[in-house]
Amino acid sequence: MGDFNSFLGFDDKTGSNYYNLTDMDQFAQFLHKFSLSPLNFEGDKYTWHNSSVCERLDWAIDSEPWRTLFPHAMLYHLSFYGSDHRALKVVLHRDNNSNRLPVFKKRFHFENIWLENPSFYTTVQDFWRNSSHLSVNQDALGLFLVRQNSCVFALKYWHKSIMPVFQSRIQDIQKEIVRIQSLTSDSRESNVQLKYLQSQLDALLYKEEIYWKQRARVNWLQKHQVFS
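Since the structure is predicted, the reported quantities are computational estimates derived from the model, not experimental observations.

(A) View of helix H1 (residues 21–33). The end-to-end C-alpha distance of H1, which contains 13 residues, comes to 18 Å, matching closely the 18 Å that a straight helix rising 1.5 Å per residue would cover. Every buried residue belonging to H1 is among Met 24, Phe 27 and Leu 31, and all of these are buried. The arc enclosing the buried residues of H1, seen along the axis, measures out at 65°, which places them on a common side. Those residues of H1 that are exposed and angled more than 90 degrees off the buried face are Leu 21, His 32 and Lys 33. For H1, the elements touching its buried residues are strand E3 (36–38), strand E7 (58–59) and strand E8 (61–63).

This is the structure:
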């Protein structure tokens, strides 16, 4: 699954009358040689765009043995998410309760700052272990996906619960440092307290720096993809 930088038919391109027939023929021969075929998809057909030209360059390819294992597998063409290529998602098992295209929520982003928080590890461990009861009669892959989704769900809410505390804690410590420094007395006790508060503040500011560095990199990559 991914960008094959080619397509199979003339209807896989719009906005231009130029077709690289050699690439199209080689792609078709490759599929025929290894008995492969494109996976059925739902969503907008064209997975790449540049100005007024749209093409289907991104494919998920399967074989007959693979289709036997996953007869209901479906490829979904998602949004562009800041790139000139659509994101692709393969769903292996059909939802028996609905034939509609699943509604995909905002993508899950792993935050590097989580690694600095001990409760991150306990959160993942707890939900990974305790979600096995949700996967009755599941194969190994199904069990993994259930546990993965359980951890993603837990981390999203865990992140929301710690971030406000994280930011407000920085502000509280900064205020307390200013308050102590404004006192006329310069006792040993106040100096020890200042040193302790400053060490806490440094640790929190370091975590904040990690958080915003990752955010800056994501934004830079998105803009780079748009203008490249």
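(B) Quick peek at the sheet that holds strand E10 (residues 88–91). An order of E4-E9-E10 is seen for the three strands of this open sheet, with the pairing classed as mixed. This sheet does not close on itself; its edge strands, each paired only once, are strand E4 (41–42) and E10. In the sheet, strand E9 (residues 74–77) pairs with E10 via four bridges, with the strands oriented antiparallel. If you follow Leu 75 over to E10, its bridge partner there is Val 90.

Rules of the game
- Residues numbered from 1 in each chain as written.
- Predicted model: local features only at pLDDT ≥ 70, side-chain atom pairs only at ≥ 80, totals over all residues.
- Heavy atoms only, no water.
- Helix = DSSP H or I, 4+ residues; strand = E, 2+ residues; numbered from the N terminus.
- Expected span 1.5 Å × (residues − 1).
- Buried < 20%, exposed > 50% of the residue type's maximum accessible area, 1.4 Å probe, protein only.
- Arc of directions from axis to C-beta.
- Contact = heavy atoms within 4.5 Å.
- Pairing = 2+ DSSP bridges.

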